[in-house]
Amino acid sequence: MSPFVGLLLFFGTLVFSYLEAFVKLFVPVKRKSVSGELVLITGAGHGVGRATALEFARRGSRLVLWDINKHGVEDTAAECERLGATVQAFVVDCSKREEIYSAAEKVKKDIGDVSILVNNAGVITAADLLSTQDHQIERMFEVNILAHMWVSATPTFVFTFLWEHF
Ligand SMILES: NC(=O)c1ccc[n+]([C@@H]2O[C@H](COP(=O)([O-])OP(=O)(O)OC[C@H]3O[C@@H](n4cnc5c(N)ncnc54)[C@H](O)[C@@H]3O)[C@@H](O)[C@H]2O)c1
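The structure presented is a predicted model; accordingly, all values stated were derived computationally and were not measured.

Enquirer: Hey, could you go over the overall build of the protein chain for me, with residue numbers and the actual values?
Expert: When you go through the protein chain residue by residue, the secondary structure sums to 6 helices and 4 strands. In sequence order, the secondary structure elements of the protein chain are arranged as α-β-α-β-α-β-α-β-α-α. Taking 2.2 N^0.38 as the reference for a compact globule, 166 residues should give roughly 15 Å; the C-alpha atoms of the protein chain span a radius of gyration of 20 Å, well beyond that estimate. Judged by the C-alpha coordinates and their principal axes, the protein chain covers about 60 × 45 × 30 Å. In the protein chain, which comprises 166 residues, the share counted as buried stands at 32%. Expressed as a percentage of contacts within the protein chain between residues at least 6 apart in sequence, the contacts between residues at least 24 apart total 64%.

Here's what the structure looks like:
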């Protein structure tokens, strides 16, 4: 592609995006309803995961909550139930592939097909690289990177997601 055509495309896209954003200021897009959706949130026992669970509960979603921390996930489940949501809480260590696979099977068999997945579980080590210990680095990769792959690529879920979105 010639630089001139590239530049023309760039400015065309830019102008179109501004116009689109301007129109949407006055004609907002219809927001998707998540009422009745089956939402799985990992790391739901604390922080962002808990806050997300509460928001979905307020919007009428059904919830499946996973966390390594039993008390945390049970507390979140209790709060969501007080908001009227149907909730199932599981203790799952998302760094362990086999635990994920077996929990996913259980969810599918006993509860149903997950339609929204929030891959949130994570560990944060607030230190610079040289002060971080080897096992902490390994844990970060296991939970913050690999776990997301295991959950998203779980054979039990993959088929449902592909079916829903394509
Ligand atoms: N809070 C922030 O400012 C911030 C910024 C950027 C990214 N994030 C990311 O957002 C996510 C949530 O952050 P947060 O601040 O709510 O953290 P948090 O520590 O408050 O909560 C994380 C939750 O994940 C759970 N968890 C940890 N390891 C797990 C495992 N192996 N299996 C299952 N559950 C596990 C913990 O028990 C906890 O309930 C993380 O992935 C984090 O990296 C947070």
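Structure shown, so let's carry the discussion forward.
Enquirer: Give a detailed account of the environment of Leu-117, specifying residues and quantitative values.
Expert: Structurally, Leu-117 can be placed in strand E4 (residues 116-118). Residue classification places Leu-117 among the partly exposed positions, given a relative accessible area of 23%.

Enquirer: Talk me through the packing of aromatic side chains; I want residue IDs and the actual numbers.
Expert: This model, assessed by the stated rule, comprises 2 aromatic pairs. Centroid distance Phe-10 to Phe-11: 5.2 Å. Interplanar angle 70 degrees. Geometry classified as edge-to-face. Seen in terms of ring centroids, Phe-22 and Phe-26 are 5.3 Å apart; in terms of plane orientation they differ by 75 degrees. Their pairing is edge-to-face. You can see Phe-22 and its partner Phe-26 sitting in helix H1 (residues 3-26), 4 residues apart, about one turn around the helix. For Phe-26, a relative accessible area of 60% puts it in the exposed group. Taking the ring centre of Trp-150 as reference, the NZ or CZ of Arg-97 above it sits at 5.0 Å.

Enquirer: Lay out the side chain of Asp-93 in plain terms, naming residues and giving numbers.
Expert: For Asp-93, the location among the structural elements is in the loop between strand E3 (87-91) and helix H4 (97-110). The buried category is assigned to Asp-93, whose relative accessible area is 9%. Contacts of Asp-93, omitting those with residues within four sequence positions, involve Ile-68, Glu-99, Ile-100 and Arg-139.

Enquirer: Account for the packing of helix H2 (residues 47-58) against helix H3 (residues 70-82), naming residues and giving values.
Expert: Two numbers describe a pair of packed helices, the interaxial angle and the distance between the axes. Interaxial distance between H2 and H3 falls to 9 Å at its minimum, and their mutual angle equals 20 degrees. The orientation of H2 relative to H3 falls into the category roughly parallel. Note that H2 runs across H3; the crossing there is right-handed. Of H3, the residues touching H2 (which contributes Arg-50, Ala-53, Leu-54 and Ala-57) are Gly-72, Asp-75, Thr-76, Glu-79 and Cys-80. Across the contact of H2 with H3, the residue classes tally to 4 nonpolar, 2 polar and 3 charged.

Cut-offs applied
Chains are numbered independently. Their residues run from 1 in the order of the written sequence. Local features in a predicted model are, by the rule used here, given only for residues with pLDDT of at least 70; side-chain atom pairs are given and counted only at 80 or more, and totals for whole chains, interfaces and linings are based on all residues. Hydrogens and water are ignored here; the side-chain numbers use all heavy atoms of the structure. Helical segments are the DSSP runs of H or I of at least four residues, strand segments are the runs of E of at least two, and each set is numbered from the N terminus. For the radius of gyration, the atom set is restricted to C-alpha positions; the globular benchmark scales as 2.2 Å times the number of residues to the power 0.38. Think of it in three bands: residues with accessible area under 20% of the maximum for their type are buried, residues over 50% are exposed, and the middle band is partly exposed, with areas taken using a 1.4 Å probe on protein chains only. When checking whether two residues touch, look at their non-hydrogen atoms; a contact exists if any pair is within 4.5 Å. Here is the rule: rings of Phe, Tyr and Trp (six-membered ring for Trp) pair when centre to centre is within 6.5 Å. Planes less than 30 degrees apart are stacked, more than 60 are edge-to-face, and the remainder are tilted. Whether a charge sits over a ring depends on NZ of Lys or CZ of Arg being within 6 Å of the ring centre and within 35 degrees of the ring normal. For helices, the axis comes from a line fit to the C-alpha atoms of the stretch in contact; other axes are also lines fit to C-alpha atoms, and the angle between any two N-to-C directions lies between 0 and 180 degrees. Under this scheme an angle from 65 to 115 degrees is roughly perpendicular, one under 35 degrees roughly parallel, and one over 145 degrees roughly antiparallel; angles in between are oblique. Definitions for this section: a left-handed crossing has its near helix turned counterclockwise from the far helix by less than a right angle. A right-handed crossing has that turn clockwise. When residues are sorted by character, Ala, Val, Leu, Ile, Met, Phe, Trp, Tyr, Cys and Pro go into the nonpolar class, Asp, Glu, Lys and Arg into the charged class, and all the rest, Gly among them, into the polar class.

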